[in-house]
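These are the residues of each chain, in order.
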Amino acid sequence: MTDLPADIAAAIADASGFVFDMDGTIALGDAASGGHRALPHATELLAAIKARGVPLRVFTNGTAKPPAAYAASLRSAGFDLDDGEMMTPSSSAAAWFVRQGIGKVRVLGVQGVMTPLRDAGIETVGPREAAKGVEAVYTGWYRDFGFPDLEAACADIWAGAALTTASNVRFFATAAGRAIGSSFAMNAMITAMTGTTARVLGKPSRIALGEACRSMGLRGADRRRVIVIGDDPGLEMRMANDAGLIGIGMTTGLMQRASIDQLRAAERPAALLDTLAPLLRAIG
């Protein structure tokens, strides 16, 4: 699509806030530098939104790094983005654990997964660290998962801990193509052993969207004017549709125009774009 339907363009111009995916939507991981490169029009689009005083969040479902590190990588790619405008599933997970009164969590993940929880005052237990009184197991980016980790997580769950996860999607977009989501594989093994299904605290959960809105200071009717932009029908589009919001799909990542009609209604975008240029025009 080279332009947006008039009603959607008007809604974008009147939006109270924006939630952007990162990989495959505004940037792609740069294997050569270990950082990111901006997709066309992305830096200009975010700058235009900020110039109008409209809040935004870049919400990646990745947890390999803490939010501040992702924000720094995007700034190196040319984005004007504050640390507080960047979110990962651990951002929403930390807020949810605090609201639930959960203070001790076994984290199957690297430091980037743990940092937002620790910053929120939650006691974190390492993947295979001996511990008692663990209230929740939380899975994230962890490529070194092994049998001792599985045993520790299952023991916690059998003792009453909740199983939670940053993400439960099979793949995510990179510059080299799709990559396997590590938490999906871990969740499958833990569920097979315990019969417990992981509660998703990142996208596409309402928990994640609610925390994004709270962090932007949006309440009441303003939350119904948030625009969600992403490349994954099972994440951003599902999250938008579940909340009754407008979801803009991008073919620069996982979504494919040829297969859009095969998607379930809950995963279909309100508009599908091949470039961010129409959004930039709608912002003005």
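Colleague: Would you mind going over the side chain of T60 with me for this structure?
Modeller: By the element assignment, T60 lies in the loop between β4 (56-59) and α3 (67-76). For T60, a relative accessible area of 2% puts it in the buried group. When neighbours within four sequence positions are excluded, T60 is seen to be in contact with D21, M22, D23, Y70, M86, M87, T88, P89 and K203.

Colleague: Just checking my understanding: could you explain the packing of helix α6 (residues 147-158) against helix α7 (residues 182-194) for this structure?
Modeller: For any two helices packed against each other, the geometry comes down to the angle between their axes and how far apart the axes lie. As a packed pair, α6 and α7 sit with axes 10 Å apart at the nearest point and diverge in direction by 50 degrees. In terms of their interaxial angle, α6 and α7 are classed as oblique. Crossing angle aside, the handedness with which α6 passes α7 is right-handed. Residues L150, A153, C154, I157 and W158 of α6 touch α7, and the partners they reach there are M189, I190, M193 and T194. Class assignment of the residues belonging to the contact of α6 with α7 gives a composition of 8 nonpolar, 1 polar and no charged.

Colleague: For this particular structure, what's the right way to read the nonpolar core?
Modeller: If you look at soluble globular proteins, the nonpolar side chains tend to sit buried side by side. One finds I12, F18, I26, V58 and I248 to be the most contacted residues of the largest nonpolar core, which totals 34 residues. When sequence neighbours within four positions are dropped, the list of residues in contact with I12 reads L4, F18, I227, I248, L279, A282 and I283. Counting residues in each nonpolar core, the second largest holds 16 residues, with A93, A94, I122 and A136 among its members.

Colleague: For this particular structure, what's the right way to read the packing of helix α4 (residues 89-100) against helix α5 (residues 111-119)?
Modeller: Here α4 crosses α5 at 40 degrees, and the two axes come no closer than 8 Å. Every pair of crossing elements has a handedness; the one defined by α4 and α5 is right-handed. Here α4 contributes S90, S91, A94 and F97 to the contact with α5, which in turn contributes G112, V113, P116 and L117. For the contact of α4 with α5, the per-class residue count stands at 5 nonpolar, 3 polar and no charged.

Colleague: Where do I start with the environment of M239 in this structure?
Modeller: Residue placement: M239 occurs in helix α9 (residues 233-242). The buried category is assigned to M239, whose relative accessible area is 2%. Between the C-alpha atom of M239 and that of L209, which follows or precedes it by 30 residues, the distance is 7.3 Å. Sequence-distant contacts of M239, that is, excluding residues within four places in its chain, are made with V19, K203, P204, S205, L209 and V228.

Colleague: I tried to follow the sheet that holds strand β7 (residues 123-125) on my own but got confused; where do I start?
Modeller: Paired through backbone hydrogen bonds, the strands of a sheet run either parallel or antiparallel to each other. Taking strand neighbours across the sheet as the criterion, the 5 strands line up as β7-β6-β8-β9-β12 in an open arrangement whose pairing is parallel. The two strands at the open ends of the sheet, each matched to only one other strand, are β7 and β12 (199-200). Here 4 bridges tie strand β6 (residues 104-108) to strand β8 (residues 136-139), and the two strands are oriented parallel to one another. The partner of L108 across the bridge, within β8, is T139. Contacts between α4 and the sheet are confined to β6, β8, β9 (162-165) and β12, with β8 contributing the most and set at about 170 degrees to the helix.

Colleague: How should I be thinking about the sheet that holds β4 in this particular structure?
Modeller: Sheet architecture is open: 6 strands sit in the order β5-β4-β1-β13-β14-β15, paired in parallel fashion. Across the chains shown, the open sheet's two edge strands, defined by having one partner strand only, are β5 (86-87) and β15 (271-273). Strand direction decides the pairing type here: strand β1 (residues 17-20) and strand β13 (residues 226-230), joined by 4 bridges, are parallel. Pairing of G17 across the sheet is with V226, part of β13.

Colleague: Any chance you could explain the pairing of β8 here in plain terms?
Modeller: A regular strand places its side chains so that they alternate between the two faces of the sheet. Residues A136 and Y138 line one face of β8 and the alternating positions V137 and T139 line the opposite face, and both faces are buried. Bridging between β8 and β9 involves 4 bridges; their strand directions are parallel. Bridge pairing in β9 places Y138 opposite T164. In this fold, β8 hands off to α6, which returns the chain to β9; that crossover is right-handed.

Colleague: Where do I start with the packing of aromatic side chains in this structure?
Modeller: To describe a pair of aromatic rings, you give the distance between the ring centres and the angle between the ring planes. Summed over the entire model, instances satisfying the criterion amount to 4 aromatic pairs. A connected cluster of aromatic rings, assembled from ring pairs, spans W96, F97 and Y138.

Colleague: Looking at this structure, I do not really get the pattern of salt bridges. What am I missing?
Modeller: Where charged atoms of side chains with opposite charge meet at close range, the side chains can pair. One pass over the full model with this rule turns up 16 salt bridges. Between K50 and D80 there is a salt bridge whose closest N-O contact spans 3.5 Å. A residue pair is termed long-range when its members are at least 10 positions apart, and K50 in helix α2 (residues 42-51) and D80 in the loop between α3 and β5 qualify at 30 residues. Across the pair E211 and R99 runs a salt bridge, and its minimum N-O distance is 3.4 Å. Pair noted here: E211 is in helix α8 (residues 206-215) and R99 is in helix α4, with a separation of 112 residues, a long-range link. What makes E211 buried here is its relative accessible area of 15%.

What counts and how
- Residues numbered from 1 in each chain as written.
- Predicted model: local features only at pLDDT ≥ 70, side-chain atom pairs only at ≥ 80, totals over all residues.
- Heavy atoms only, no water.
- Helix = DSSP H or I, 4+ residues; strand = E, 2+ residues; numbered from the N terminus.
- Buried < 20%, exposed > 50% of the residue type's maximum accessible area, 1.4 Å probe, protein only.
- Contact = heavy atoms within 4.5 Å.
- Axes fitted to C-alpha atoms, helices over the stretch in contact; angles between N-to-C directions.
- Parallel < 35°, antiparallel > 145°, perpendicular 65-115°, else oblique.
- Left-handed = near helix turned anticlockwise from the far one by under 90°.
- Nonpolar A, V, L, I, M, F, W, Y, C, P; charged D, E, K, R; others polar.
- Core = buried A, V, L, I, M, F, W, Y, C linked by side-chain atoms within 4.5 Å.
- Pairing = 2+ DSSP bridges.
- Right-handed = clockwise from strand over helix to strand, strands pointing away.
- Phe/Tyr/Trp six-rings, centres within 6.5 Å; stacked < 30°, edge-to-face > 60°.
- Salt bridge = Lys/Arg side-chain N within 4 Å of Asp/Glu carboxyl O.

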